[in-house]
Amino acid sequence: MPGPQGHGSVLKRRTGWGVPRTAQAGPGAPQPGPPATRVRRLATPLGILATVTAAFAYVGTVDPNEPGHYPVCPLLKITGAFCPGCGGLRSAHAFIHGDLGAAFSANAVATTGYFLFAAVWVIWLVRAWRGQPLRIVLAPVWWWSIGALLLVFTVVRNLPFGSALAP
């Protein structure tokens, strides 16, 4: 039988579930501030863009085709097999310099990823501007498909007939 305060009132009092934050804080405790401003909402996507831009600027400046600037892929060094990321730095360097053919030749998956990142980032920025959270939910079948695509890409680029996909 429910008490005078309704169903679940003991649970609410003991755990704070269902009780507004202002009611949870005791007297004299600081109250939550105003909602996030547009500048605060845009800070994370713009910070990510600045970081990615700096990384691409570095790779665009320091040529990965010249030996000694970047470490060798550990999988390539140990096994002699190309991983899905092999050629990614050369791809980024060519992409920065506007040579999309060389970028796709170095690593087609990475180059596709640059365009995918740009699209997701624009969606994120627009949603942050509007005050909406970025929620990209992929069904498990999509994650398995991406993994299968990367596996097939890795195997094919290491076979003689897939040498066009090798960096």
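Quick note: structure is the one above.
Given the structure is predicted, the values throughout are model-derived calculations rather than measurements.

Undergrad: Give me the nonpolar core: which residues, what numbers.
TA: Counting residues in hydrophobic clusters, the biggest one holds six residues: Val-59, Val-62, Tyr-70, Ala-92, Ala-110 and Tyr-114. Beyond its immediate sequence surroundings of up to four residues, Val-62 is in contact with His-69, Tyr-70 and His-93.

Undergrad: Please provide a residue-by-residue account of the packing of helix α3 (residues 38-61) against helix α7 (residues 108-130), values included.
TA: It is the contact of α3 with α7, at a shortest axis distance of 8 Å, that shows an interaxial angle of 160 degrees. Overall, the two elements α3 and α7 adopt an arrangement that is roughly antiparallel. Crossing hand, α3 versus α7: left-handed. The residues of α7 that touch α3, namely those facing Arg-38, Arg-41, Leu-42, Thr-44, Pro-45, Leu-46, Ile-48, Leu-49, Val-52 and Phe-56, are Tyr-114, Phe-117, Trp-121, Trp-124, Leu-125, Ala-128, Trp-129 and Arg-130.

Undergrad: Residue-level account of helix α5 (residues 88-96), with values.
TA: Residues of α5 that are buried: Gly-88, Ser-91, Ala-92, His-93 and Ala-94. Gly-98 sits one or two residues past α5 and shows a positive phi near 80 degrees.

Undergrad: Describe the packing of α5 against α7, listing the residues and the values that go with them.
TA: Two elements in contact, α5 and α7, have axes whose closest approach is 9 Å; the angle formed by their N-to-C orientations is 55 degrees. Taken together, the axes of α5 and α7 are oblique relative to one another. With respect to the hand of their crossing, α5 and α7 are arranged in right-handed fashion. Taken together, the residues of α7 that come into contact with α5 (itself represented by Gly-88, Ser-91, Ala-92 and Phe-95) are Ala-110, Thr-111, Tyr-114 and Phe-115. Tallied by class, the residues present in the contact of α5 with α7 amount to five nonpolar, three polar and no charged.

Undergrad: Let's hear about the side chain of Thr-111: which residues, and what values?
TA: Of note, Thr-111 is situated in helix α7. Residue Thr-111 is classed as buried on the basis of its relative accessible area, which comes to 0%. A distance of 3.0 Å separates a polar atom in the side chain of Thr-111 from the backbone oxygen of Asn-107. Look past the residues within four positions of Thr-111 in its chain and what remains in contact with it is Ser-91, Phe-95, Ala-103 and Phe-104.

Undergrad: How would you summarise the environment of Trp-129 if you had to cite specific residues and measurements?
TA: Tracing the chain through its elements places Trp-129 in helix α7. Taking the C-alpha atoms as reference, Trp-129 lies 9.9 Å from Arg-40; in sequence the two are 89 residues apart. Setting aside residues up to four positions removed in sequence, Trp-129 forms contacts with Arg-38, Arg-41 and Leu-42.

Undergrad: If you had to explain the packing of aromatic side chains to someone new, which residues and values would you point to?
TA: Taken as a whole and judged by the stated rule, the model has five aromatic pairs. When the ring of Phe-56 is compared with that of Tyr-114, the centres are 5.2 Å apart and the planes differ by 85 degrees; the resulting orientation is edge-to-face. Placement of the pair is Phe-56 in helix α3 and Tyr-114 in helix α7, with a sequence separation of 58 residues. Residues Phe-95 and Tyr-114 carry aromatic rings whose centres are separated by 5.1 Å and whose planes lie at 55 degrees to one another, so their mutual orientation is tilted. In this pair, Phe-95 sits in helix α5 while Tyr-114 sits in helix α7, placing the two residues 19 residues apart along the sequence.

Rules used throughout
- Residues numbered from 1 in each chain as written.
- Predicted model: local features only at pLDDT ≥ 70, side-chain atom pairs only at ≥ 80, totals over all residues.
- Heavy atoms only, no water.
- Core = buried A, V, L, I, M, F, W, Y, C linked by side-chain atoms within 4.5 Å.
- Buried < 20%, exposed > 50% of the residue type's maximum accessible area, 1.4 Å probe, protein only.
- Contact = heavy atoms within 4.5 Å.
- Axes fitted to C-alpha atoms, helices over the stretch in contact; angles between N-to-C directions.
- Helix = DSSP H or I, 4+ residues; strand = E, 2+ residues; numbered from the N terminus.
- Parallel < 35°, antiparallel > 145°, perpendicular 65-115°, else oblique.
- Left-handed = near helix turned anticlockwise from the far one by under 90°.
- Nonpolar A, V, L, I, M, F, W, Y, C, P; charged D, E, K, R; others polar.
- Polar contact = N/O pair within 3.5 Å; in protein donor to acceptor, adjacent residues only side chain to side chain.
- Phe/Tyr/Trp six-rings, centres within 6.5 Å; stacked < 30°, edge-to-face > 60°.

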